[in-house]
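Here's the letter readout for the chains.
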Amino acid sequence: MRSISLRSKLAKFLLVFAGGVLVGQIAPPVWKWAVISLAQSSYQEATYRCDRSMRAHLLAKQKVEANPSEQTVRALEASEIALIDCQDYDLFRKRLILFGLDENALGYMALKAIEAKAKDLQEVIEIHEIGY
């Protein structure tokens, strides 16, 4: 009688342990997938805004170097203020890391953002391209 009770307890323990291992292996990828799915569009927009701000700042800086004037300096200062978009992007990235995403997942999201904008860019090029 006692051995049946002991076997029953052992079987329950092994079942609970196996269930815990199974959940432990399945839950993290599902969690990452859910976070990526929920954050992808916002991350894409933040990536795009930061990229545009950095490009505008670089162009404004080059204009100041090529033609220093009050107008080009004002444009440079305005582009520096727009770099706040990169601060927002960085904070969003840090938040995603806190939610459990690693650099690989963030890299995946960045590639998806670039891919989405590349498709948009290709459509713009096709619309405005002069056919011969």
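For the structure, see preceding data.
It should be emphasised that the depicted structure is a prediction, and the values quoted were computed from it without experimental measurement.

**Some remarks on the side chain of Gln40**
Next up, step 1: By secondary structure assignment, the location of Gln40 is in helix H1 (residues 2-66).
Next up, step 2: By relative accessible area, which is 14% here, Gln40 ends up buried.
Next up, step 3: Among all residues touching Gln40, those that are not within four sequence positions of it are Met109, Lys112 and Ala113.

**Brief notes about a nonpolar patch on the surface**
Next up, step 1: Taken together, Leu10, Phe13, Leu14, Phe17 and Val21 make up a surface patch of nonpolar side chains, about 510 Å² in accessible area.
Next up, step 2: The residue Leu14 is located in helix H1 in this model.

**A look at the pattern of salt bridges**
Next up, step 1: The full count for this structure, using the stated rule, is six salt bridges.
Next up, step 2: Across the pair Glu70 and Arg74 runs a salt bridge, and its minimum N-O distance is 2.8 Å. Here Glu70 pairs with Arg74, and both are found in helix H2 (residues 70-82), just four residues apart, close to one helical turn.
Next up, step 3: Relative accessible area serves as the criterion here: at 48%, Arg74 is assigned to the partly exposed category.
Next up, step 4: Between Glu103 and Arg93 there is a salt bridge, and its shortest N-O distance comes to 2.7 Å. Note that Glu103 is positioned in helix H4 (residues 103-128) and Arg93 in helix H3 (residues 84-98), a separation of ten residues in sequence.

**So, the packing of aromatic side chains**
Next up, step 1: According to the stated counting rule, one finds three aromatic pairs in the structure shown.
Next up, step 2: Aromatic pair Phe13 and Phe17: ring centres 6.3 Å apart, planes at 20°, arrangement stacked. Of this pair, Phe13 and Phe17 both sit in helix H1, four residues apart, roughly one helical turn.
Next up, step 3: On the basis of relative accessible area, Phe13 is assigned to the exposed category, the value being 53%.
Next up, step 4: Phe17 sits in the exposed class, given a relative accessible area of 51%.
Next up, step 5: Aromatic pair Tyr43 and Tyr89: ring centres 5.7 Å apart, planes at 40°, arrangement tilted. Separated by 46 residues along the polypeptide, Tyr43 in helix H1 and Tyr89 in helix H3 bring together distant segments of the chain.
Next up, step 6: Assessed through its relative accessible area of 18%, Tyr89 is described here as buried.
Next up, step 7: The rings of Tyr43, Tyr89 and Phe92 are connected pair by pair, giving a single aromatic cluster.

How each quantity is defined
- Residues numbered from 1 in each chain as written.
- Predicted model: local features only at pLDDT ≥ 70, side-chain atom pairs only at ≥ 80, totals over all residues.
- Heavy atoms only, no water.
- Helix = DSSP H or I, 4+ residues; strand = E, 2+ residues; numbered from the N terminus.
- Buried < 20%, exposed > 50% of the residue type's maximum accessible area, 1.4 Å probe, protein only.
- Contact = heavy atoms within 4.5 Å.
- Patch = residues over 30% accessible without salt bridge, like charges linked within 9 Å, V, L, I, M, F, W, Y side chains within 5 Å.
- Areas by Shrake-Rupley, 256 points an atom, 1.4 Å probe, with all protein chains shown as cover.
- Salt bridge = Lys/Arg side-chain N within 4 Å of Asp/Glu carboxyl O.
- Phe/Tyr/Trp six-rings, centres within 6.5 Å; stacked < 30°, edge-to-face > 60°.

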